[in-house]
Amino acid sequence: MSALYTFDAKLRTDTGKGASRRLRHANLVPAIIYGGDKEPQSVTLEHRHILKAQENEGFYSHILTLDVEGDKVECIVKDMQRHPYKPVVMHLDFQRIDASHKLTTNVPLHFVNESTNAAVKRGGVVNHLVNSIDITCLPAHLPEFIEVNLADLEEGHSVHLSDLKLPKGVSSVDLSKGEDHDLAVANIQMPRGAAADSAEAEDAAE
């Protein structure tokens, strides 16, 4: 496990808004670990380590290791509260994972081959309609991200969830609900001026 996703945590017994405020003043982040067959645990983590790690998108999709006073806990981030305008992490929710049980989480999409797309070269604009999707998989199959290949996407068309090549063992939460949930994740549209120029060029060619 990368050191970037391994954190030391300490158990805490004092809870409530006042206790959380004192912890933040001491540059600590209050957090809770829940799930599995164990009771929830209230812990604290060093704010500077969390602040640095959360800048990497993998922080939200990787399996993290929390060293809770010698007890190694594997988990994922389920929720993070930030200060509305300061670079401060206010609270974290972690969910324990079990290697034998599927988990549901959100992973980012990486859009590739935009610059080589023929419609983009003619002036088309790619719209990213969705930047992440919910997936279900065993912990061992958890991807850091999912690629959306835009190489052959045509003007006026969209890439849908059903068009994505999901890794082995990974399924889309939305698609499992039925065809009506086959969301569009990206499309290409031609700006008005560019569309008119393209039409005029085609007329001239004819």
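First, a word on scope: everything that follows refers to the structure included in this document. (Residues numbered from 1 in each chain as written. Predicted model: local features only at pLDDT ≥ 70, side-chain atom pairs only at ≥ 80, totals over all residues. Heavy atoms only, no water.)

The biggest cluster of nonpolar side chains holds 25 residues, and the ones touching the most others in it are Leu 109, Ile 133 and Val 185. Residue assignment for this core shows that the elements contributing at least two residues are β7 (103-112), β9 (132-137), β10 (146-149) and β13 (184-189). Broken down by element, this core gets its largest block of residues, 4 residues, from β7. Counting 21 residues, the second-largest nonpolar core is a separate cluster that includes Val 29, Leu 45, Leu 66 and Phe 94. (Core = buried A, V, L, I, M, F, W, Y, C linked by side-chain atoms within 4.5 Å. Buried < 20%, exposed > 50% of the residue type's maximum accessible area, 1.4 Å probe, protein only. Helix = DSSP H or I, 4+ residues; strand = E, 2+ residues; numbered from the N terminus.)

Within the open sheet, the 3 strands sit side by side as β8-β13-β11. Their pairing is antiparallel. Two strands in the sheet have a free side with no partner beyond their single neighbour: β8 (125-128) and β11 (158-160). Across the sheet, the mean angle from the axis of one strand to that of its neighbour is 15 degrees, orientation sign disregarded. (Pairing = 2+ DSSP bridges. Axes fitted to C-alpha atoms, helices over the stretch in contact; angles between N-to-C directions.)

With respect to the secondary-structure elements, Asp 93 resides in strand β6 (residues 89-96). With no salt bridge to any partner, buried Asp 93 finds its closest opposite charge in Arg 12, at an N-O distance of 8.0 Å. Within the structure, the side chain of Asp 93 is placed 3.2 Å from the side chain of His 91, a separation counted as a polar contact. (Lys, Arg positive; Asp, Glu negative; His and termini not counted. Salt bridge = Lys/Arg side-chain N within 4 Å of Asp/Glu carboxyl O. Polar contact = N/O pair within 3.5 Å; in protein donor to acceptor, adjacent residues only side chain to side chain.)

Glancing now at the environment of Pro 143. Along the chain, Pro 143 turns up in the loop between β9 and β10. Given a relative accessible area of 9%, Pro 143 falls into the buried group. Placed 36 residues apart in sequence, Pro 143 and Val 107 show a C-alpha to C-alpha distance of 7.5 Å. Setting aside residues up to four positions removed in sequence, Pro 143 forms contacts with Ser 61, Val 107, Ile 135, Cys 137, Pro 167 and Val 170. (Contact = heavy atoms within 4.5 Å.)

Don't take any of this as a statement about function, it's just geometry.
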